[in-house]
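Results of the structural survey
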Amino acid sequence: DVKVTQSSRYLVKRTGEKVFLECVQDMDHENMFWYRQDPGLGLRLIYFSYDVKMKEKGDIPEGYSVSREKKERFSLILESASTNQTSMYLCASRGTGKTYEQYFGPGTRLTVT
Amino acid sequence: QQPVQSPQAVILREGEDAVINCSSSKALYSVHWYRQKHGEAPVFLMILLKGGEQKGHEKISASFNEKKQQSSLYLTASQLSYSGTYFCGTSSGGYQKVTFGIGTKLQVIP
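Residues numbered from 1 in each chain as written. Chains lettered and ligands numbered in written order. Predicted model: local features only at pLDDT ≥ 70, side-chain atom pairs only at ≥ 80, totals over all residues. Heavy atoms only, no water.

Along chain A, the regular secondary structure elements total zero helices and eleven strands. Ordered by position from N to C terminus, the α and β elements of chain A give β-β-β-β-β-β-β-β-β-β-β. The C-alpha radius of gyration of chain A comes to 13 Å, within 12% of the 13 Å expected for a compact globule of 113 residues. Structurally, chain A occupies a C-alpha span of about 40 × 25 × 25 Å along its principal axes. Of all intrachain contacts in chain A linking residues separated by at least 6 positions in sequence, the fraction that spans at least 24 positions is 55%. (Helix = DSSP H or I, 4+ residues; strand = E, 2+ residues; numbered from the N terminus. Rg over C-alpha atoms; globule rule 2.2 N^0.38 Å. Contact = heavy atoms within 4.5 Å.)

Attention now moves to the pattern of salt bridges. Residues and elements named next belong to chain A. If you walk through the whole model with that rule in mind, you get eight salt bridges over all chains. Of the charged contacts, one joins Lys-71 and Asp-28 as a salt bridge, the two residues approaching to 3.0 Å between their closest N and O atoms. Of this pair, Lys-71 sits in the loop between strand E7 (65–70) and strand E8 (73–78) while Asp-28 sits in the loop between strand E3 (19–25) and strand E4 (31–38), and the two are 43 residues apart along the sequence. Looking at Lys-71, the relative accessible area reads 25%, which means it is partly exposed. Among the residues examined, Asp-28 registers a relative accessible area of 54% and is labelled exposed. (Salt bridge = Lys/Arg side-chain N within 4 Å of Asp/Glu carboxyl O. Buried < 20%, exposed > 50% of the residue type's maximum accessible area, 1.4 Å probe, protein only.)

Moving on: the layout of surface pockets. The volume enclosed by the largest pocket comes to roughly 710 Å³. Along the wall of the largest pocket there are 27 residues; nearest its centre are Gln37(A), Gln36(B), His38(B), Gly39(B) and Thr85(B). Taken together, the elements giving at least two residues each to the lining of the largest pocket come down to E4 and strand E9 (87–94) of chain A together with strand E9 (84–91) and strand E11 (104–109) of chain B. No other element matches the four residues that E11(B) contributes to the lining of the largest pocket. A per-class count over the lining of the largest pocket returns eight nonpolar, 13 polar and six charged. (1 Å grid on protein atoms, 1.4 Å probe; cavity = no way out; pocket = protein on both sides within 12 Å on 5 of 7 lines; lining within 4 Å. Points joined across faces, edges and corners; volume = space filled by probe spheres on them. Nonpolar A, V, L, I, M, F, W, Y, C, P; charged D, E, K, R; others polar.)

Once that is clear, we can look at the interface of chain B and chain A. With 21 residues of chain B in contact, the opposing surface of chain A contributes 25 residues. Around 1,900 Å² of area is buried between chain B and chain A when both sides are counted, 58% of it from carbon and sulfur atoms. Between the two partners, chain B and chain A, sit one salt bridge. The closest approach of N and O atoms between Lys97(B) and Asp59(A), which form a salt bridge, is 2.9 Å. (Buried area = accessible area lost by both parts, 1.4 Å probe.)

All names here are of chain A. Most of E9 is tucked away, with eight of its eight residues classed as buried. Covered by surrounding structure in E9 are Ser-87, Tyr-89, Cys-91 and Ser-93 together with Met-88, Leu-90, Ala-92 and Arg-94, the residues of both alternating faces. Strand direction decides the pairing type here: E9 and strand E11 (residues 108–112), joined by three bridges, are antiparallel. Within E11, the position partnered with Tyr-89 by the bridge is Thr-108. Where E9 and strand E10 (residues 103–104) come together, two bridges link them in antiparallel fashion. Paired with Ala-92 across the two strands is Phe-104, which belongs to E10. (Pairing = 2+ DSSP bridges.)

Quick look at the structure:
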């Protein structure tokens, strides 16, 4: 069964901390994505990666960075967490070519206090 | 720029039909539809491609007007299981970057 897993369902961090959100997929997908979901704002793309060590900025990359050292793993990094980064973070993956479906992970609810 | 969805919310009785609209200010290559149930991850429903190709869900249909940069999702004879938030996503080229709207919350009641 297709699976995208995220390291934590809930996370509480303090302002200024460095935060790592991990995402792992077992489908051998080339493309991986990080979104944040906020009420009234929908799903907004932060970064995506189309291959190992490759990354591209999405619509709201400010304050975030990413790392993809292995095909199955895509990490989102908050270098210095701020309260406005409190949100639900969703990871997704997709294959190449005419495979359009993105598979989403269960999400990480991050609270920055 | 995010596509605009309408309505933002709708309540239906079982068996009723609904239409959710999605429009973009950019020329579109593809429109993607997802449904997210409360507390769950979004799940793919359908994609519509420029040129007419369509892949998706057996009980839900959609249209794509390329000239108007609009898509509509048609839910017919709604069931309780249709409840959730529906997102449209648009892409202006290629497959990687999909920009999602803010969603339409649909509730089906008995």
